Each structure stands twice: as structure tokens, then as C-alpha cells.
Amino acid sequence: MSPAGPAAPGGNTPEGLAAALRRRRRLARLALFWEAVWPRAWPVLGIIGLFLVVALLDLPQQLPGMVHILFLLGVAGLLGWAGRQAFRGFRLPDDSGAERRLEQMSGLRHRPLAALSDRPSGNDPSGLALWQVHQQRAAAQIRRLRIGTPRPGLPTRDPRALRAAVVLGMIAALTVAGAEAPERLRRAVTPAFAGPAPTPVLKLEAWVTPPAYTGAAPIFLDPAGGAATAPVGSKLQVSVSGGQGAAPDLLLDAGATPFRALDAASFTAEAVLERGGRLAVRRQGAELAHWALTVQADAPPTIAFTEPPGRAARGLGTRLPWKAEDDWGLAALRAELRLKARPEAPPLLVDLPLPSGQAKQAKGAATPDLSSHPWAGLDVQARLFAKDGAGQEGASGVAGLTLPERSFNHPVAKRLIALRKELSIEPERRAPARRELEAVAAAPEAFEHDTTTYLALRTARTRLIVDRRPTAVPEVQEILWQVAIALEEGRDGRTARALQQAREALRQALDQAEQNKAQDQPATTPEEQQKQGEERAELQRRIQELRDAIRQHLEALAEKLQRENAEAIPFDPQSRMLDQKEMDRKTKRMEQAAKEGRPEDAKKELAELEEMLKALEEGRVARAESPERQQKREKGQQQMGVVQDMVKRESDMLDRSHQRAEGAERDRAAQTRQQRLNPQSFRWPPDAQQGQQPGQPNAQDQAQRDQDARLQRALRRALGELMQQFGDLTGEVPEGLGRADQAMREAQEALGQGGDARDAQQRALKALQEGGKQMAQSMQRQFGQQGQEGEGEGDPQDMAGENQPGGNGQDQAQGQGEGRDPLGRRSRDVNGNADNGADTRVPEEAELLRTRRLQEELRKRGGERERPAEELEYIDRLLKRF
């Protein structure tokens, strides 16, 4: 009988079964060999790994020769001892052990593999037949034998996972060694007995750093030599390390620059390139490297007038068209004006704006308003100057022009301006100017007996007599200008001009602050911090000047109305009147934004303030409307308030949908984790045992879904009524409201069927917001500006407050009556007045401060990760929303 037994069922031959059994025995022996060898080999491999770490770090090279030999002998002895201890009693796996592993891994009992090679002791035919049947059954199980994955059990031998530390150390050491790894390994096993350590390899590095104003990148020189071009004033740096000998020398043409020693084998040298030539590095007479350097000279900038200067096409500005260029970039531009009749007088300097960045070529046309200068109306000589980053200046040719001047109609103002011009041409002629001032003051009826004008004239006369300083004449000229402006325009015109100047100054300061912030360069030195503090202080000063100018202008307007016996502007509670309190609130918000380093927000406030001032200058007031038109406008505002309330309610339902989805996800994750950790003792929650599938909403969530579905249905019905009413009012229905109705229907169906309504709710929310904006635009077209008075024209979120009045609804018929909107909110009192003043309330500074404190507290609590997960998720949602 064959040792493998008779043929197995299924057509398998005895030879094939024997071959399959031999293959499985070999694999089982290999698995047993790995399980026996790997735990014994890892200490030896660990010692080898530690030796490699030390060798790659080049530490053995630092040892003396004998100590190095002792170190190698110690490592070899440690390896031999560890190997002997590890493989003591080791035996190669045999066939019987392989068969036992196969039987154990396959779950076979009674050692069926031994039955294939055993024979009965007797020759009883019935016994032999029974044994043959037993062998056939054993042979049938050969194809189902499993070798199993080897399990050497190394973690039990190394519970602290020191093997991972050895691997990480080898990776780090190999990274440090880099390309020198083979050489360091060779030096680690070859002790050095021939004197000192070998000389390090010579390494030379050279680079040129152009001046900062050029904005050019550093130029790295090839150690093998070559040619390079650099701007004049560039800084050359050369570094030499390794090699033998004294410190090298840096040669540039005939001049030599010695190297400075960094350590025993490292040297560095620096030089400023003022001229080109042959650059070489020499050491003990030998040339290490050389380059041909070309130094590019920095040419001064050029600037010229593109056309003759003169008066601007509009206004009183002086048009100065220019073009300039520089090889590395322009740094500053200015215009210098000299009085043609008195060239020796100090020039008038006007800074010209440049494009952002260091433009190499630029052109433009500046239009400064010089009509208030004492030289206005006189001939001057203009010249342009350009400056580059190196401090070099270029000048244009001289061009003549007459400075634009303002025309005056008041006779006294004309005399004062003429006197002002005479003092500009001949400042030493004080006596004629004094007599002219006395003559003007002697006829007070010419200036309506104005006490302020008389006192100003006497002050100017006295200064011309008493004050002998050279600056006294310009001061008198300024007094004459202010008196002439006051006589020509009145106080309101003067304050309007001062207000315009304050606005321009603040806008320029905000532009500069925003540009500095865009550069995103945090202050790291005390000088930079002081500069930032000065910028913020300048912003505060400009805002205060604007606040004072606004106050003075409003006072002047009030005086003008009183002087002209004009009727007071009636107060309309439906309009946002321009008063001192509201403008003060704007300036305070600008001041707060400037303190907090938010120039972009301050610019937004300034833009809104300028719109209010524009309305004031144009004399726009709340115009009278017919009762029917006013009623329609108010009704439209009420309907926009309803839309805002719908937005809030839809947002609340969306938040609840998110909370339900996150809660269900957490429950599923917790159940899955519990089932994975302890599958035997895991039990589904009671609701699942009662027939509810895991992941489906529980009774509480389902009740909340039903409630939201009812609210969604009510909102949709109210939206339909609102669309009909707004269509009747304006003749058009916003498209966004139609999309919101469709999305609400889908959200209602999803909530009723237990599905996910978040996507539909998000679309409904977005469509409502777009519909509100379209309603605001339609109101503006139908009823003009009065249909959207308030902060932020065209934005329904600004035009309609949270509690604006609305129409009547049918879903909330109970509890509704006159003065309630479709959602049951009280909108008006019995007299028809809006509860909230028909306007959006702007938060005060204290409320903004409290909001910031709440946000800081939320961030503080969100950083305490030991808090419950539910609380941290809620805090994250709040911070994302606000």
C-alpha cells in the first residue's frame, strides 16, 4: 500500500496528493523556522543597528586608533555572545512538527496525517478494509490543510518596542550622513593609525546679494568659475571650508580682501562690489576659483512732462502730466514750483503719487488743488524730480504755468486776494499792505458790519506792524484767505470746504494703513512697533478732525437756516434723518476699527458717511408723498420684514436638522465601536430590539421632525400669500421666492418621510435671501430712494428689521388680528406706528464689546478639550456661525 494511501475522492491521484502534502510540509517548516529564528535574531540585529547608527554619525572616527580597535572588538564580542545566547538549543523543524502544525491550524483531530503513513499490525481482511476507508478520509482532507500566518511572538520578547527606536535611529543617521554614508561606514571598520584624521574635502561657496531696493534675487557663483553680472553696491560673500593651509585671500583686480576665520578649517570674506573685474580666491599661491564679474551701474531716474502743465479740465486743480522710468524702480516723485517774479523764494513742493510697488516705468497726471496757496493766479516755473532706491535723483525740464485761482465776487474779498498776491511778489512792502487793510476796515458796511471780519482785519494789520519775523507775512496771507472765503461763501461754505479736506485726509490715511496691512509684515522691532503706533495715532487724529469738521458744518447750516428764516426740516419717523448723533456714531465706529487695526472696515464706514454727507450737500430731505403711495411703500417694507423672519425661522430649522443628523451619526459610531470591541456581549438598544432598525430616528427625533414639518408647511403657505400680495403691490414676483417655495416643499416632504431635509432647507434659505434682495430692488424701482432708506441700500437684511410688520396669514389665523403679520408677530400698535421705528437698530459700542467678549469666552472654552464632546461640537458650531 502506498504511504499516501489510495486515491482521494474527486479524481485525485496518490502522486498528486503526496506532492500537495510535501508542499504544505515545506511551508509549515518554513513558518516554524521563522517563528523560531526571528525572536532569537532580533537582539543580534538590534546590536548591528546600533553599530550602524554610531558609524553613520562618524563617531568611531573621533576615537584614537587603539580605542577604535577595542570598540570594534567589543562590538564583535557582543554580537558573538548575543548570537550564542539566542540560538542555544535551536533545532530545525522536522516533518512531524510540520504535520502537527498543519493539523493544528486546520482544526484536524486524531492526527489524520499520521494515518497516511501507518499500517495495521495484522493482516485481517476486515481490518485492512476498515483501515483503507480511514486512509481515504484522511487523504480527502489534504486539500483543506492550512499553514497559517507565522506568529513569532516578538512583542512578548520586546514589550517596549525598542526595535522601532533602532529603525528610526538608523533612518535619522542615514539622513545626516547623506552621500558620505559609504565612506563613514568604511572609516568605522578601519581604525586610523597613520597620524591625524584625513583632511576634510575642500568646499567653496560664493554668492552676490543685490541691494534691497533692486528687489533682485541673490546670484550664486559656480565654484568651477564663470561669469556673472550684479548691480553696483551688491554684497559679495565667499565661504571656504576644508582643505589644508592658511586663510585664503579674495582678489578683485588689484585689491585683496583677507578671509575671516570661523574655526580651524572654515573661513569667510565679504566685499561690496563697486566695480567689475576678475575675482579670484587664492590659498598659499594656488588659485581655488575665479570669476569674471561685471558690475552694472545704477543710472539715475529720468522724468519729464508728457504735455505742458496747466489748469485741470474740471475744478481748480493744477494738472501735472508726467512720465518717469528707472532701471531698478522708482521710489518717489515730486514737483517743485518756484515763483517766477521772485525765484529766490522757497519753492512749493508737491508730492506726486506713484503706482503701488517699485515700478520701473510709470506715467500719470497729478491734479493737486493749489487754489488756496498765496501764489494762486501768479506765474510759476514747474520742475519734476524723480528719486530711486539708491537716493539718486533725476530732474525734468522747466515748464511755466499760471496757478489756477478761485474767482471772487464779493468786493472786499477781491481786494483782500489782490493784497495777498502783492505780498507774495513783494513781501517787504508791509506799509502799503497795512494802509490797504486800514482802508478796508474803515468801511465796515462793505462786509455787513461783521465783527469777526473786522477783528481779523485788525489782527492782520497789527501783525504786519509788530511781527518782524519772515513767517509773519505767510501767516497774514492765511488770515486774508480765510476772511475772503468767509465773505464769499459764508460760514457754511467754509465749513463745507474744511469738511471736504478732512474727508480727503482721512481717506488717504486709511489707504496707507490698508496698504501697510496688505504687506503682512508683523512688527518685530521696537522701531516698527513705534511706527505702527504712530500710524494708528495719525488715524485717530484724522478721525477727530473729521468729527470736528462735521460738527462745525452742521452748526453753520443751522445758522444759515436761521439767518434766512427757513423752515425747520420736519422730522419723519419713517426716514433716517442726518443728524449729529448719527454721524457721531459713524465716526466712533471708524475710530474703533482704526484702534483694532481694521482699516477696511473704517473705509466702509467712511463711504457710508460720505453718502450721508452727499445727501446733506445736495439738500435731499424726505419729500412729501401721497397717502396712497406712502401706504404702498410701507406695505412693501412690511413684506420685506416678513421675509427676514422667514429666513430666521428656516435657519433655526436647518440648525435642528444638523443637530439631529450629528446625533444619529454619533449613535451609530458608538454602537459600531461597541460591537467591534465586544461582539459577544453587544446588544442593540431597546428601540432596535422592539423592531426599529439601527440608525433610524427615535421617538423624540420623530416628534421634532413632525413639528418641523408642520412649521415648514406653515412657512410655505405664508410665503405663497406673501408672493401674491407683493405681486399685487408691484406687479412682479421675485424669482428667488419661487425657488424658495419649491425648496420648502421638498424639505416638507423629506421631514414627513423621515429623510434628510438639510439640502432642501439650505436651498430654501439661500433662495429666501436672494428673493429679499430682489424685493428691495423692486421697491427701489417702484418707490425710489424712500423705499429703502436706512443703512445699506438694496440689502433687505439692512432695510427690514427682525420685527418689521407684515401681512395677514391663514395658517396662523388664531391669535392674529390687526397689527400682526402672517406668522403671528405683532407689528404695529393701535395707532399704526411700527414697534421698532421701521428701521434697523445699529449696535452700540458697548454691545459690540460684549459680543467680542462672548466670542473670546467661546474660544477659551473650545480650547478646553476635556469638556464633553457634545459641548465642544456646539461651541464649534457657534464660532463658525458668528
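Quick notes on the rules
Residues numbered from 1 in each chain as written. Predicted model: local features only at pLDDT ≥ 70, side-chain atom pairs only at ≥ 80, totals over all residues. Heavy atoms only, no water. Buried < 20%, exposed > 50% of the residue type's maximum accessible area, 1.4 Å probe, protein only. Helix = DSSP H or I, 4+ residues; strand = E, 2+ residues; numbered from the N terminus. Pairing = 2+ DSSP bridges. 1 Å grid on protein atoms, 1.4 Å probe; cavity = no way out; pocket = protein on both sides within 12 Å on 5 of 7 lines; lining within 4 Å. Points joined across faces, edges and corners; volume = space filled by probe spheres on them. Nonpolar A, V, L, I, M, F, W, Y, C, P; charged D, E, K, R; others polar. Polar contact = N/O pair within 3.5 Å; in protein donor to acceptor, adjacent residues only side chain to side chain. Contact = heavy atoms within 4.5 Å. Phe/Tyr/Trp six-rings, centres within 6.5 Å; stacked < 30°, edge-to-face > 60°. Salt bridge = Lys/Arg side-chain N within 4 Å of Asp/Glu carboxyl O. Patch = residues over 30% accessible without salt bridge, like charges linked within 9 Å, V, L, I, M, F, W, Y side chains within 5 Å. Areas by Shrake-Rupley, 256 points an atom, 1.4 Å probe, with all protein chains shown as cover. pLDDT = per-residue confidence, 0-100.

**Thoughts on the pairing of strand S11 (residues 302-305)**
Inference 1: Residue alternation in S11 divides its side chains into a buried set, Ile303 and Phe305, and an unburied set, Thr302 and Ala304.
Inference 2: Pairing of S11 with strand S13 (residues 318-325) involves four bridges; the strand directions are antiparallel. When the sheet's bridge partners are listed, Ala304 is paired in S13 with Lys323.

**A few points about empty space enclosed by the protein**
Inference 1: The tally for this structure, following the rule as stated, stands at one cavity of 30 Å³ or more.
Inference 2: As a volume, the largest cavity reaches approximately 40 Å³.
Inference 3: Lining the largest cavity are Ser371, Pro374, Ala376, Glu405, Arg406, Phe408, Ile417, Arg420, Lys421 and Trp481.
Inference 4: A total of three residues in the lining of the largest cavity trace back to one element, the largest contributor, which is helix H9 (residues 411-425).
Inference 5: Here the lining of the largest cavity is composed, by residue class, of five nonpolar, one polar and four charged.

**Quick look at the side chain of Glu336**
Inference 1: Take Glu336: it is sitting in strand S14 (residues 330-339).
Inference 2: Side-chain polar atoms of Glu336 contact the side chain of Arg338, separated by 3.4 Å.
Inference 3: Leaving out residues up to four positions away in the same chain, Glu336 has contacts with Pro347, Leu348, Leu349, Gln381, Ala382, Arg383 and Phe385.

**Some details on unusual backbone geometry**
Inference 1: Phi is positive for Asp58, close to 60°, though the residue is something other than glycine.
Inference 2: Looking at where Asp58 falls in the secondary structure, it is placed in the loop between helix H1 (14-56) and helix H2 (65-86).

**Considering the packing of aromatic side chains**
Inference 1: For the structure shown, the criterion picks out two aromatic pairs.
Inference 2: Consider the rings of Phe51 and Phe71, whose centres lie 6.0 Å apart with planes at 25°: the pair is stacked. With a gap of 20 residues between them, Phe51 in helix H1 and Phe71 in helix H2 connect regions that are remote in the sequence.
Inference 3: Look at Phe51 and you get buried, because its relative accessible area is 15%.
Inference 4: When the ring of Phe408 is compared with that of Trp481, the centres are 5.9 Å apart and the planes differ by 85°; the resulting orientation is edge-to-face. Of this pair, Phe408 sits in the loop between strand S19 (399-402) and H9 while Trp481 sits in helix H12 (residues 472-518), placing them 73 residues apart in sequence.

**What to know about the pattern of salt bridges**
Inference 1: Inspection of every chain in the model, using the stated rule, returns 39 salt bridges.
Inference 2: With a shortest N-O distance of 2.6 Å, Asp645 and Arg649 are connected by a salt bridge. Placement of both Asp645 and Arg649 in helix H16 (residues 627-677) is noted, with a separation of four residues, approximately one turn of the helix.
Inference 3: Asp645 gets classed as buried once you look at its relative accessible area, which sits at 5%.
Inference 4: With a closest N to O distance of 2.9 Å, Asp756 and Arg758 form a salt bridge.
Inference 5: The exposure class of Arg758 is partly exposed, given its relative accessible area of 24%.
Inference 6: When salt bridges that share partners are traced, they join Asp58, Glu183, Arg186 and Arg187 into one network.

**Some points on the environment of Trp291**
Inference 1: With respect to the helices and strands, Trp291 occurs in strand S10 (residues 286-296).
Inference 2: Judged by its relative accessible area of 1%, Trp291 falls in the buried class.
Inference 3: Along the sequence, Trp291 and Gly277 sit 14 residues apart, while their C-alpha atoms lie 8.5 Å from each other.
Inference 4: Excluding anything up to four places from it in sequence, Trp291 contacts Leu204, Ala206, Leu221, Asp222, Pro223, Gly225, Gly226, Gly277, Arg278, Leu279 and Val281.

**Details of a nonpolar patch on the surface**
Inference 1: The grouping of Leu57, Leu59 and Val176 at the surface amounts to a nonpolar patch, some 260 Å² of accessible area in total.
Inference 2: As for its position among the elements, Leu57 is in the loop between H1 and H2.
Inference 3: Judged by relative accessible area, which is 37%, Leu57 ranks as partly exposed.

**Quick notes on the confidence of the model for the protein chain**
Inference 1: Chain-level statistics for the protein chain give a pLDDT mean of 76 and a share of 75% at 70 or above.
Inference 2: Considering only residues more than four positions removed or in separate chains, one finds that residues 1-11, a stretch of pLDDT under 50, has 26 contacts.
Inference 3: The low-confidence segment residues 565-578, where pLDDT is below 50, has 27 contacts with residues more than four positions distant or belonging to other chains.

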